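Fold and geometry: a report
Listed here are the chains, written in short residue letters.
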Amino acid sequence: MDYVWDFGSVYEYRAALWVGLINTLRIFGICLFAGLSLGLAMGLARYSIRRWLRWPAACFIEFFRNTPVLVQIFWFYFAFPILAPFEISALMAAALGITLNSAAFSAEIFRGGIQSIDPGQWEAGRAIGMRYREIMARIILPQAVRRMMPALTNRGIEIFKMTTLASAIAYADLLHQARLIASVNFNPIEAYTVVALAFFVILYPIVRVTYVLERRMAKGD
Amino acid sequence: MYEWDFSAVLDNSDLLWQGLVGTLTITGTALAFGLPLGLLLALSRLSPSRWLAWPAGFVIEFFRTTPPLVQLFWFFFALPILMDIQMTPFLAAAITFSIQSSAFFAEVFRAGIVSIERGQWEAARAIGMQRPQAMRRIILPQAVKRMIPAFTERSIELMKTTTLVATVSYADLLYQANELAQKTFRPIEVFTVTALIYFVVIFGLSLCVQGIERRLAVSGDSTVR
């Protein structure tokens, strides 16, 4: 192993990596926000007493949980544009795939969290004259969200890692930029090592936070 | 209105079957290497000696917190320069997914081992067993049973992750679908059928997992997730 490491050639192209990081954060932000919101809606629908809400939500959740997210991204990038009346960019296709996939997974987290709340809380809410919506918004969700925090943070970490799949359809995220740099400079070792370390440095502190949350949860309620 | 036409897919269904076999091959290979490696990592991380526990902890955390696609690109494009080996898409995928899944399996093993009551260790020590003996004969047999649902779930996760190999042109199901879509100009039908094949296989496996979980719940063993 007498390879001479040369990170200077990567540092020279730091502007390209910076663009990639911004794009990675952009798609992550979109997918986190849209995925969790849609996930909450789906989780509530899955828990609903109305059959016409519960069944479609269940189908959606099972379908997107049981197919690989890269297949979904490819579907939205290569197949969907033929059906859709508008242009689909790589960002849109990747964001759609990752968002729907994350929505399905977080819906199950929300459902589990809501169902874990003691039925007595519902009865108490009803006893003081609250409606379903009020009970859900004011009593159940605030308690459930606290319990779901570790699982939701883990989902966020998964979403961040998933954004690299956007590079497979040539969206200029961090990994795609590294691939460009590697092909221009013939320095794949340094380029990919830098990207791997970047992900580790960004995500590891968050992973530690989930450990703390989980420990606090085990001690608390 | 778009006219659906599945004949192009049906005429070339053997391509997709080959792809599915490719997907199952890489999943099986990664499982075969990932499980023992995961057990090794878990035992090292739980070891009382620090120079075993820390490196194992680092490997586990590193491979759990970096995206698998970055790892795959690193092994495919960077490793051959460092190590003078002939890199093939299959080899890169096998290395990546073995190590990546072993990091996750290690955590499953660890959770299972930690979940066994201390009394079991103490009982083993009381009848004169050494730590490795107690681990092999008393702790692991009980822990593995509790870990089965988490294992199967992780294996399903692994199968979904193997689609990434399509990006380094290993002929898995997704790669074959992409080829077929370009050849027949029927991306909608091809990718829809592909998604359905994945769904049928993976949903079928998930149902099996749920069945196993229910049976374990009946037999009174709590399941670790």
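In this text, all values refer to a predicted model and were calculated from it rather than measured experimentally.

Analysis parameters
- Residues numbered from 1 in each chain as written.
- Chains lettered and ligands numbered in written order.
- Predicted model: local features only at pLDDT ≥ 70, side-chain atom pairs only at ≥ 80, totals over all residues.
- Helix = DSSP H or I, 4+ residues; strand = E, 2+ residues; numbered from the N terminus.
- Contact = placed C-beta atoms within 7 Å.
- Nonpolar A, V, L, I, M, F, W, Y, C, P; charged D, E, K, R; others polar.

Re the overall build of chain B
Of regular secondary structure, chain B possesses nine helices and zero strands. From first element to last, N terminus to C terminus, chain B shows the α and β order α-α-α-α-α-α-α-α-α. Projected onto its principal axes, the C-alpha coordinates of chain B cover approximately 75 × 50 × 25 Å. Considering only residue pairs separated by 6 or more positions, chain B has 76% of its internal contacts joining residues 24 or more positions apart.

Structural notes on the interface of chain B and chain A
Contacts between the two partners involve 32 residues from chain B and, on the opposite side, 32 residues from chain A. For the side of chain B that touches chain A, the secondary-structure elements that each account for two or more residues are helix H3 (50-65), helix H4 (68-83), helix H8 (173-184) and helix H9 (187-218) of chain B. Residue contributions to the side of chain B that touches chain A peak at 11 residues, all from H9(B). Classifying every residue of the side of chain B that touches chain A gives 22 nonpolar, eight polar and two charged.

Brief notes about unusual backbone geometry
A positive phi angle, close to 55°, is found at Phe186(A), a residue other than glycine. One can find Phe186(A) in the loop between helix H8 (174-185) and helix H9 (188-219). The phi dihedral of Phe185(B) is positive, around 55°, even though this residue is not glycine. By the element assignment, Phe185(B) lies in the loop between H8 and H9.

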